[in-house]
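Chain by chain, the residues:
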Amino acid sequence: MKQLTLKIERIDQAYQQAIKDSTTLENLELVRIQFLGRKGEIAQLMPLLKDLSTDEKRIIGPALNQLKQSAEDTYLLKKEALIAQAFEQQEARNKDFDITSYSPLKSTGSLHLYTQATEKIENIFLSMGYSIADGPEVETEFYNFESLNIGKNHPARDMQDTFFLNIPNMVLRTQTSNVQVRTMQKRKPPFAVICTGKVYRNEATDASHDYMFRQFEGLVVGETISLSNLLATMRLFFEKFFEKKNLKIRARPGYFPFVEPGLEIDMSCPFCSNGCSTCKQSCWIELVGGGLVHPNVLKHGGIDPTRYSGFAFGFGLTRLIMLKYSINDIRLLHNGQKEFLEQF
Ligand code: FA5
């Protein structure tokens, strides 16, 4: 009996120590199984009772029950304490949890090349004192043609294949030049404006032509505006847009009914010094049409051509972007292909 009493004491001590050392609910559960489980150390004491005398049973029996009961009570108290502690720890963690710090890997959008280039161009011209003009894409034949000195039967109408609408005298604008007379009618000289936007031409699509593309137009009207102002402006613009100093320009005669004289203006290739595939080994790139505003156009805009003169220029914005970013197919800019757009 003495041995059994000692064993009970040893188990009790070991159990109390194990409970004390349990710092997590998982540890505590292991201790419960070890001591209070069906085959645990306390349960294994029970069969030993049968070898004791009745008097001994009267002493050891209650002692065993007492051990079991107090072990269970201790277990429950410790369990409650650990649950409370785990809850407090969770609360403390939640307090510092910053939901905004979670940034899973995700793809972010970016501005389309058209938007990026338009902003860049507008900023260059705004820095030169220009303002932004706008005009409609669904336009009257008057602003798209007649006001620009392109009469009803003028052969130049065939130069720009037109989408005519079912509404009489309405077209999809074929050029941003439609803003010229609109702007003159709204503003008093001197003024300098640019306009970027979509234009439409009824043309077959290939790598360098689309039925919808973008242009941008410049128009400056004042008392002493000359071709040299136009050429200087073009050179400054090219240098800023292509971020290259000392670019050269050259002008050749060009025909547009709304300018006189009319010019085709080329830029020295910004990508090479002695010929490359972009400039087709010529060291020059054809970029822009322009000239001095025709007196008839000034008259349509209500401006006296004997007092004022002006210059106008028009770029293929799409072409400019393709050149700057070495894009060899115009359709890439228009088909919304994610893999292509992600590069910019
Ligand atoms: C014009 O549209 C004139 N309005 C430009 C102008 C303005 C001249 C002011 C003088 C004064 P043109 O038809 O050449 O000009 O077109 C201008 C540019 O648009 C071309 O150089 C070319 O880069 C671009 N372009 C023309 N057709 C297409 C097309 N189908 N797809 C893509 N770009 C085109």
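Residues numbered from 1 in each chain as written. Predicted model: local features only at pLDDT ≥ 70, side-chain atom pairs only at ≥ 80, totals over all residues. Heavy atoms only, no water.

Bringing the domain arrangement of the protein chain into the picture now. Annotation of the protein chain at the domain level lists domain 1 (2–94) and domain 2 (113–341). Measuring from the centre of the C-alpha atoms in domain 1 to the corresponding centre in domain 2 gives 91 Å. (Domains from an automatic or database assignment.)

Around the ligand, the structure places 23 residues, and the nearest of them are Gln175, Ser177, Arg201, Glu203 and Gln215. One of the side-chain N or O atoms of Gln175 is found 2.7 Å from a nitrogen atom in the ligand. Between a nitrogen atom of the ligand and a side-chain N or O atom of Glu203, the distance comes to 2.9 Å. Here the ligand loses 85% of its free accessible area of 680 Å² to cover by the protein chains. Among the elements of the structure, β5 (212–222), β8 (284–293) and β9 (309–316) are those that each provide at least two residues to the shell around the ligand. (Near = heavy atom within 4 Å. Polar contact = N/O pair within 3.5 Å; in protein donor to acceptor, adjacent residues only side chain to side chain. Areas by Shrake-Rupley, 256 points an atom, 1.4 Å probe, with all protein chains shown as cover. Helix = DSSP H or I, 4+ residues; strand = E, 2+ residues; numbered from the N terminus.)

Let us look at helix α3 (residues 54–95). An ideal rise of 1.5 Å per residue puts 62 Å on 42 residues; α3 measures up with 61 Å between its terminal C-alpha atoms. What α3 keeps buried is the set Ile60, Gly61, Leu64, Leu67, Ala71, Thr74, Tyr75, Lys78 and Leu82. Here the buried face of α3 lies against α1 (2–21) and α2 (25–36). (Expected span 1.5 Å × (residues − 1). Buried < 20%, exposed > 50% of the residue type's maximum accessible area, 1.4 Å probe, protein only. Contact = heavy atoms within 4.5 Å.)

Phe237, Phe238, Leu287, Phe313 and Phe315 are the most contacted members of the largest nonpolar core, which has 44 residues in total. At the level of secondary structure, the elements contributing two or more residues to this core comprise α4 (113–127), β4 (191–200), β5, α7 (227–241), β7 (259–268), β8, β9 and α9 (317–324). Per-element tally for this core: the top contributor is α4, with six residues. Formed by 22 residues, the second largest nonpolar core is a distinct cluster that contains Cys195, Leu219, Val221 and Ile303. (Core = buried A, V, L, I, M, F, W, Y, C linked by side-chain atoms within 4.5 Å.)

A word on α2. Here α2 contains twelve residues, and its C-alpha end-to-end distance of 15 Å stays within 8% of the 16 Å for a straight helix at 1.5 Å per residue. For α2, the complete set of buried residues consists of Leu28, Val31, Phe35 and Leu36. When α2 is viewed along its axis, its buried side chains cluster within an angular range of 90° and face the same direction. Seen from the open side of α2, the exposed residues pointing more than 90 degrees away from its buried face are Glu26 and Leu30. Elements in contact with the buried residues of α2: α1 and α3. (Arc of directions from axis to C-beta.)

Turning to the pairing of β9, a few remarks are in order. Successive side chains on a regular strand alternate, one facing one side of the sheet and the next facing the other. One ladder, built from eight bridges, connects β5 with β9; its direction is antiparallel. Bridge pairing in β9 links Val220 to Phe311. (Pairing = 2+ DSSP bridges.)

On to the packing of α2 against α3. When two helices pack together, you describe them by how their axes are tilted relative to each other and by the distance separating the axes. Where α2 contacts α3, the two axes come as close as 10 Å, and the packing angle between them is 170°. It follows from the interaxial angle that α2 and α3 lie roughly antiparallel. In this structure, α2 uses Leu25, Leu28, Glu29, Arg32 and Leu36 to contact α3, whose residues at the interface are Lys68, Ala71, Glu72, Tyr75, Lys78, Lys79, Leu82 and Ile83. Of the residues belonging to the contact of α2 with α3, the class tally is seven nonpolar, no polar and six charged. (Axes fitted to C-alpha atoms, helices over the stretch in contact; angles between N-to-C directions. Parallel < 35°, antiparallel > 145°, perpendicular 65-115°, else oblique. Nonpolar A, V, L, I, M, F, W, Y, C, P; charged D, E, K, R; others polar.)

Turning our attention to the packing of α4 against α7. For the pair α4 and α7, interaxial distance at closest approach is 10 Å and the crossing angle is 135°. In terms of axis orientation, α4 runs oblique to α7. As α4 packs across α7, the resulting crossing turns out to be right-handed. Every residue of α7 that contacts α4 at Ala117, Lys120, Ile121, Ile124, Phe125 and Ser127 is listed here: Thr233, Phe237, Lys240 and Phe241. Residues that form the contact of α4 with α7 fall into these classes: six nonpolar, two polar and two charged. (Left-handed = near helix turned anticlockwise from the far one by under 90°.)

Turning next to the sheet that holds β4. On the basis of which strands lie adjacent, the open sheet formed by seven strands has the order β1-β4-β5-β9-β8-β7-β6 and mixed pairing. Looking along the sheet, the strands with just one partner apiece sit at the ends: β1 (131–132) and β6 (249–253). Pairing of β1 with β4, which is carried by two bridges, proceeds in the parallel orientation. Looking at the pairing, Ser131 lines up with Val193 of β4. Packed onto the sheet, α4 meets β1, β4, β5 and β9 and runs at close to 165° relative to β4.

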